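# Residue-level structure breakdown
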Amino acid sequence: MKAEYRKGCLQRDNVEREEYAGARSTETRKRRERDGAESLLELILDRDNLNRAYKRVKSNHGAPGIDEMTVDAALPWLREHGDELLQSIRDGSYKPSPVRRKEIPKPDGSGVRKLGIPTVIDRVIQQAIAQQVGQIFEPLFSDGSYGYRPKRSAQQAIRRVKAYAEEGYGYGVEIDLSKYFDTLNHELLMKLLRRQIQDPRVTELIKKYLKSGVMENGVVVKTEEGSPQGGPLSPLLANIYLNEFDQEMESRGVKVIRYADDIVVLSRSKRAASRLLESSRRYLEGKLKLQVNEQKSRVTSVLSRNHFKFLGFGLGKNGSGIYIRVHPKSVAKAKKKLKELTVRSQGKHVRQVMEKVKVYIRGWLNHFYVADMKRILQNWSEWLRRRMRMYIWKQWKKPRTKVENLRKLGIPEWQAYQWGNTRLGYWRIAGSPVLTRPITNKRLAQAGYYDFPAQYERLRQLHLND
């Protein structure tokens, strides 16, 4: 490999003690020393590190593994068996459990994504490993890598693409890797790990997790390659593996932005981009033994409205210059989800529906707030208010109930009787004075309607100088 890693001494962060009594060793900060440096395994099994790991696993609210142990049930188990667990890890006899296979549909509908859910105990151990091993590799990662790294985000990644576009890098090579997490070469990955990790007990423990297997329909299947998505170690191992590609491209002076396995290589011309697509494919397939999806990997202008897509974003250009926008497919997907959340036949109280919409949009905005989409959100807000009014009208059901509720909301009796007995359809009623007058925007807000355009502006101001 051309990419050379710098070697350095591991430095332990000072962390505040977390009082999670079960996830701890009985020995207080006992560490072994090798060649004048602290043993990495002892740093991993340190009480503070394990407590942080347990707290992180608990905060993620993950599903149980094959043993069906929940996160809450893990704490009593650790109190009782923690000493044995740590000793088995130290003497090398610990054997991780196979992960539980779970398949979820891909967002684009192109198939399913296979997740591997480790047991809670294994997740705690993996998280403890990731916290310490991550400190070793973090200084070695490329500046163009943004996925699953501290103080780095998808928003920073698309802003970097925008900055390069403003410098004249107008063509992008979108590289799609087929089943990336499932096809990592174990031999090559272990070689990369051993290059930096001096404690062989740690590399052997990681190897056990890679080889732990997957349980499908009650049968354990061996894993000869890949690092199943779902465990805390998987993102770090994926970054370590693809860092070889990042460093190789960087040594050639190529601009690469990567978020996990989402990769964009940038160039100033279409011809150069075509060459980069081919050279990238040769390196990824030849050196890293990965499979590039030729149908989805392509060269396109970064300003192409329908073709260029990175992390759900696109770029546009107007009189003020280049700007970040939400890709049309991401907009369509979100609106479809909002329509499903507000379908009027679900039989829930409108306040519950509003809360579900709020949770979804809040998460969506936290990802897309860097995009210029003020007009889109204003249109969505008008549309959603109308759907909420339509939902309320449907819940009132009978004409008598409609008349009574309209009267309670201040509509004169004669008009309430006329409106309550109308034969107009739901959508038409929702946009007419029949409902806009009694159910004002202010009343919707009092009922729990989320003013997401205002939240968007707050997020923009908050992260203005990120």
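Residues numbered from 1 in each chain as written. Predicted model: local features only at pLDDT ≥ 70, side-chain atom pairs only at ≥ 80, totals over all residues. Heavy atoms only, no water.

## Points about the overall build of the chain
Across its full length, the chain holds 18 helices and twelve strands. For the chain, the proportion of its 466 residues judged to be buried stands at 48%. (Helix = DSSP H or I, 4+ residues; strand = E, 2+ residues; numbered from the N terminus. Buried < 20%, exposed > 50% of the residue type's maximum accessible area, 1.4 Å probe, protein only.)

## Describing the packing of aromatic side chains
The full count for this structure, using the stated rule, is eight aromatic pairs. With 5.9 Å between their ring centres and 45 degrees between their planes, tyrosine 148 and tyrosine 259 make a pair best called tilted. Of the two residues, tyrosine 148 sits in the loop between α4 (120–137) and α5 (154–166) while tyrosine 259 sits in strand β8 (residues 255–259), which places them 111 residues apart along the sequence. Clustering of aromatic rings is evident, with ring pairs tying together Phe313, Trp364, Phe368 and Trp380. The side chain of arginine 152 reaches across the aromatic face of tyrosine 146, ending 4.8 Å from its centre. (Phe/Tyr/Trp six-rings, centres within 6.5 Å; stacked < 30°, edge-to-face > 60°. Lys NZ or Arg CZ within 6 Å of the ring centre and 35° of its normal.)

## Some details on the environment of isoleucine 439
On the secondary structure map, isoleucine 439 appears in the loop between α16 (433–436) and α17 (441–447). Sequence separation between isoleucine 439 and arginine 389 is 50 residues; the distance between their C-alpha atoms is 7.2 Å. If we skip the residues at most four places from it in the chain, isoleucine 439 touches Arg389, Ile392, Trp396, Leu409 and Leu444. (Contact = heavy atoms within 4.5 Å.)

## Structural notes on the pairing of strand β9 (residues 262–267)
Counted residue by residue, β9 has five buried out of six residues, so it is predominantly covered. Pairing analysis gives five bridges linking strand β5 (residues 171–175) to β9, with the strands arranged antiparallel. Counterpart to isoleucine 175 in the pairing with β9 is isoleucine 263. Both β8 and β9 contribute to a ladder of five bridges, which runs antiparallel. Of the residues in β9, the one forming a bridge with isoleucine 257 is valine 264. (Pairing = 2+ DSSP bridges.)

## So, the pattern of salt bridges
Within this structure, the stated rule accounts for 15 salt bridges. In this structure, aspartate 143 engages arginine 160 in a salt bridge whose closest nitrogen and oxygen atoms are separated by 3.1 Å. Residue aspartate 143 is located in the loop between α4 and α5, and its partner arginine 160 is located in helix α5; the two are separated by 17 residues in the primary sequence. When the shortest N-O distance is used, the salt bridge between glutamate 248 and arginine 252 registers 3.0 Å. What you see here is one network of salt bridges that share partners, running through Glu278, Arg281, Arg282 and Glu285. (Salt bridge = Lys/Arg side-chain N within 4 Å of Asp/Glu carboxyl O.)

## Regarding empty space enclosed by the protein
Taken as a whole and assessed by the stated rule, the structure comprises six cavities of 30 Å³ or more. Each pocket or cavity is described by its volume, and for the largest cavity that value is around 170 Å³. In terms of lining, the largest cavity is formed by 17 residues, of which the most central are Val99, Gln126, Tyr209, Ser227 and Pro228. Going through the elements one at a time, α4, α7 (200–210) and α8 (233–251) are the ones with two or more residues in the lining of the largest cavity. (1 Å grid on protein atoms, 1.4 Å probe; cavity = no way out; pocket = protein on both sides within 12 Å on 5 of 7 lines; lining within 4 Å. Points joined across faces, edges and corners; volume = space filled by probe spheres on them.)

## So, the layout of surface pockets
Space inside the second largest pocket adds up to approximately 860 Å³. Arg56, Gln127, Ala130, Tyr148 and Pro232 are the residues nearest the centre of the second largest pocket, which is lined by 27 residues in total. Of all the elements in the fold, those that place two or more residues in the lining of the second largest pocket are α2 (47–60), β4 (112–117), α4 and α8. At six residues, α4 tops the list of elements feeding residues into the lining of the second largest pocket. Along the lines of polarity and charge, the residues of the lining of the second largest pocket split into eleven nonpolar, nine polar and seven charged. (Nonpolar A, V, L, I, M, F, W, Y, C, P; charged D, E, K, R; others polar.)

## Brief notes about a positive patch on the surface
A surface patch of positive charge is lined by Arg298, Lys309, Lys329 and Lys333. If you trace the backbone, lysine 329 turns up in helix α10 (residues 328–341). (Patch = residues over 30% accessible without salt bridge, like charges linked within 9 Å, V, L, I, M, F, W, Y side chains within 5 Å. Areas by Shrake-Rupley, 256 points an atom, 1.4 Å probe, with all protein chains shown as cover. Lys, Arg positive; Asp, Glu negative; His and termini not counted. Charge placed at Lys NZ, Arg CZ, Asp CG, Glu CD.)

## Observations concerning the sheet that holds β9
Strand order in the open sheet made by the four strands is β8-β9-β5-β10, with antiparallel pairing throughout. On the outer flanks of this sheet lie β8 and β10 (298–301), each paired with one strand and no other. Sheet twist, expressed as the average angle between the axes of neighbouring strands with direction ignored, equals 25 degrees. Contacts between α5 and the sheet are confined to β8 and β9, with β8 contributing the most and set at about 160 degrees to the helix. Sitting on the sheet, α8 is in contact with β5, β8 and β9, with an inclination near 165 degrees to β8. (Axes fitted to C-alpha atoms, helices over the stretch in contact; angles between N-to-C directions.)

## What about the pairing of strand β12 (residues 321–326)?
Consecutive residues of a regular strand have side chains that alternate between opposite faces of the sheet. Pairing of strand β11 (residues 313–318) with β12 involves six bridges; the strand directions are antiparallel. The residue of β12 that forms the bridge with glycine 314 is arginine 325. Counting the residues in the hairpin turn of β11 and β12 gives two residues.

## Let's talk about α10
For α10, with 14 residues, the first-to-last C-alpha span of 20 Å sits near the 20 Å given by 1.5 Å per residue. For α10, the full list of buried residues reads Ser330, Val331, Ala334, Leu338 and Leu341. All buried residues of α10 lie within an arc of 100 degrees about the axis, which places them on one face of the element. Exposed and facing more than 90 degrees away from the buried side of α10 are Lys329 and Lys336. The secondary structure elements touched by the buried residues of α10 are β12, α11 (350–368) and α12 (374–396). (Expected span 1.5 Å × (residues − 1). Arc of directions from axis to C-beta.)

## Some points on unusual backbone geometry
For alanine 260, which is not glycine, the phi dihedral falls at a positive 60 degrees. Relative to the helices and strands, alanine 260 is located in the loop between β8 and β9. Its relative accessible area of 8% is what places alanine 260 among the buried residues. A positive phi is found at lysine 289, a non-glycine position, where the angle reads about 60 degrees. Within the secondary structure layout, lysine 289 lies in the loop between α9 (270–286) and β10.

## Some points on the confidence of the model for the chain
Per-chain confidence: the chain averages 88 in pLDDT, with 90% of residues scoring 70 or above. Put simply, strand β1 (residues 33–34) is where the chain has its lowest mean pLDDT, 42, and β8 is where it has its highest, 97. Within the model, pLDDT remains below 50 along residues 1–37, and this stretch shows 86 contacts once partners closer than five positions in the same chain are excluded. (pLDDT = per-residue confidence, 0-100.)

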